[in-house]
Amino acid sequence: MLRRVVAVSLVIASGVAAAADLTVSAAASLTNAFQQIGTAFEAANPGTKVQFNFAASGPLLQQIARGAPVDVFASADQETMNQADQQKLVKPATRANFVSNSLVVVVPADRPATKSLDDLARPAVRQVAIGVPAIVPAGRYTKAALEKAGLWPRIEAKMIGAQTVRHVLDYVARAEVDAGFVYSTDAALMPDKVKIAFTVPTEQPVLYPIAVVAASSNAAAERFVAYVASPPAQAVLARYGFGKP
Amino acid sequence: MASASLDAAWIALGLSLKVALWATALDLVLGVAAGFALARLRFPGRELVDSILLLPMVLPPTVLGYYLLVAVGRRGWLGGWLEGTLGIRLVFTWQGAVLAAAIVAFPFVCKSARAAFEGVDVQLEQAAHVLGLGKVAVFFRVTLPLAWRGILAGLLLAFARAFGEFGATLMVAGSIPGKTQTLSIAVYEAVQAGQDDLANLLVVLTSATCVAVLLLAGRIAPMRIPGRS
């Protein structure tokens, strides 16, 4: 317990000490693309430092709700951003969808690929990694898709819950599970370790919204949101496999 | 919601106790053996071995978790062998959680056991030997009973550490409700998901259990907990 209190105090203290920095809380699946965009944004805006806080969208929302010093929030689904909106945590006028993605099933590269959701329900597939639906948007899309296919109870029985979509990717890459649900952009990061078995049709399109946090007084926040929609940033996102919103 | 989260909390508590008890039992055997060896055997590099055995106490649990994941994962050297020859899987199982907890709690038993054995008067052992007891009998009938209170204090600390283990466990065993989701991991997940009702219930349960353990520890070994005189 003490360890966690110390850790939390350190995070809060560093946030206060570096109040001039722009803090961006972004969905885990944006990690690589946003780091590159952050560097480019700093180059285009001398004197501004961007610090990122990557996690599943759910915990990012909880942190903001509890007063974490965040300026910009980018989530991997509309649901999480809607909750932020309802709790008046973001400025509604700044909200915009900036990329799309697709949900895929990945398997370890050296395994035969499963062909359909029905295959995942068979006994040959023993463990399936899925982001915890209450926390991870990718898990929420997965649950909705499996419920629609009538397979959720059978696959939930062999589900290994992960804290972010990147944990799912890691579990599959290490072959600790037989399959996992990630975004196509995640799968593209480890072509030698995982392969895409098939794309999962989702009920809702996977659209990423971004918005300025209501409590933020950092002028760079709106500039960052605008920058993410600009051609140079969109080019970076496209290079990592994200689609147009 | 209320009864469902109550059930979930009790299951997590039961699992935490099960994992901590198994881990402590494992540490009892290994820690006492290692502590005895360090106290009594003279060999080159003894202090280096002592430092290495102490590492789990100072290393971040995530580092231990990563070492473990690499070693006992399906593609790890040990994990591959375990699964291939014995059919044992540790990642994402409660046994994996026991292994993680046993490793982080090991130094508490080993260190206490070494100090306790070093405190045993060798002359008493020699006397027992002269009176006709064999080496094994001397250990179990003289040395161990004399060192027992010190070892017990170490065991209680090890149990407490294993009960609260979080980082290495999450990395190796994951967070599977009813299988590997211990109290500390259930709290983490409840907070992540914004389920404050469940989180409140879990932290109260955890705190109450810890107080009970400490009270029990005070009864069993009142004098030997380090930091209390």
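Cut-offs and rules
Residues numbered from 1 in each chain as written. Chains lettered and ligands numbered in written order. Predicted model: local features only at pLDDT ≥ 70, side-chain atom pairs only at ≥ 80, totals over all residues. Helix = DSSP H or I, 4+ residues; strand = E, 2+ residues; numbered from the N terminus. Rg over C-alpha atoms; globule rule 2.2 N^0.38 Å. Contact = placed C-beta atoms within 7 Å. Buried ≥ 20, exposed ≤ 12 C-beta atoms within 10 Å, placed from the backbone. Core = buried A, V, L, I, M, F, W, Y, C linked by C-beta atoms within 7 Å. Domains from an automatic or database assignment. Arc of directions from axis to C-beta. Nonpolar A, V, L, I, M, F, W, Y, C, P; charged D, E, K, R; others polar. Pairing = 2+ DSSP bridges. Axes fitted to C-alpha atoms, helices over the stretch in contact; angles between N-to-C directions.

Caption draft 1: A look at the overall build of chain A. When helices and strands are counted, chain A shows eleven helices and ten strands. Radius of gyration (C-alpha) of chain A: 18 Å, near the 18 Å computed for a compact globule of 245 residues. A principal-axis box enclosing the C-alpha atoms of chain A has dimensions of 55 × 45 × 30 Å. Here the contacts in chain A between residues at least 6 apart in sequence split such that 76% fall between residues at least 24 apart.

Caption draft 2: Here's a closer look at the overall build of chain B. A count of helices and strands for chain B gives ten helices and zero strands. For chain B, the N- to C-terminal ordering of α and β elements is α-α-α-α-α-α-α-α-α-α. Overall size of chain B, expressed as C-alpha extent along the three principal axes, is 65 × 45 × 30 Å. The burial tally for chain B puts 42% of its 229 residues in the buried class. The long-range fraction of contacts in chain B, counting pairs at least 24 apart against all pairs at least 6 apart in sequence, stands at 74%.

Caption draft 3: Representation of the nonpolar core in the model. Residues A:Val172 and B:Ala101 are the most contacted members of the largest nonpolar core, which totals 137 residues. When residues of this core are assigned to their parent elements, the largest contribution, 17 residues, is made by helix α5 (residues 94-118) of chain B. Residues from two domains meet in this core; each of domain 1 (2-100 + 207-239) and domain 2 (103-200) of chain A gives at least three. When neighbours within four sequence positions are excluded, B:Ala101 is seen to be in contact with B:Val19, B:Ala20, B:Ala23, B:Ala162, B:Glu165 and B:Thr169.

Caption draft 4: Region of the structure containing helix α10 (residues 220-229) of chain A. All names here are of chain A. If you check which residues of α10 are buried, you get Ala220, Ala221, Phe224, Val225 and Val228. Mapping the buried residues of α10 onto a view down its axis gives an arc of 145 degrees, with all of them on the same face. On its buried side, α10 packs onto β1 (22-27), α2 (31-44), β3 (72-74), β4 (96-101), β10 (206-212) and α11 (231-239).

Caption draft 5: Broad picture of the domain arrangement of chain A. Residues and elements named next belong to chain A. With domains assigned, chain A is organised as domain 1 (2-100 + 207-239) and domain 2 (103-200). One C-alpha centre belongs to domain 1, the other to domain 2, and the line joining them spans 27 Å. Every contact between the two is made by 15 residues of domain 1 and, on the other side, 15 residues of domain 2. Put simply, the parts of the chain that give the side of domain 1 that touches domain 2 at least two residues each are α2, α3 (57-65) and α4 (78-86). No other element matches the three residues that α3 contributes to the side of domain 1 that touches domain 2. Each residue belonging to the side of domain 1 that touches domain 2 can be placed in one class, and the counts come to six nonpolar, seven polar and two charged.

Caption draft 6: Up close: the sheet that holds strand β6 (residues 128-131) of chain A. Residues and elements named next belong to chain A. The sheet built from five strands is open, its strands ordered β7-β6-β8-β5-β9 with mixed pairing. Looking at which strands have only one partner, the edges of the open sheet turn out to be β7 (159-162) and β9 (194-200). Averaged over all adjacent pairs, the angle separating strand axes in this sheet is 35 degrees, with direction ignored. Here β6 pairs with strand β8 (residues 179-183) via two bridges, running parallel. What sits directly across from Ala129, in β8, is Gly180.

Caption draft 7: Up close: α4(A). Residues and elements named next belong to chain A. Among the residues of α4, those classed as buried are Thr80, Met81 and Ala84. Projected down its long axis, α4 shows its buried positions confined to an angular sector of 95 degrees, all on one face. Contact partners of the buried residues in α4: α3, β3, α6 (137-148) and β10. At the exit of α4 stands Lys88, carrying a positive phi of roughly 55 degrees.

Caption draft 8: Layout of the interface of chain A and chain B. Listed per partner, the contact involves twelve residues of chain A and 13 residues of chain B. Of all the secondary structure elements, the ones that give two or more residues to the side of chain A that touches chain B are α3 and β7 of chain A. With three residues, the top contributor of residues to the side of chain A that touches chain B is α3(A). The residue makeup of the side of chain A that touches chain B, split by class, is six nonpolar, four polar and two charged.

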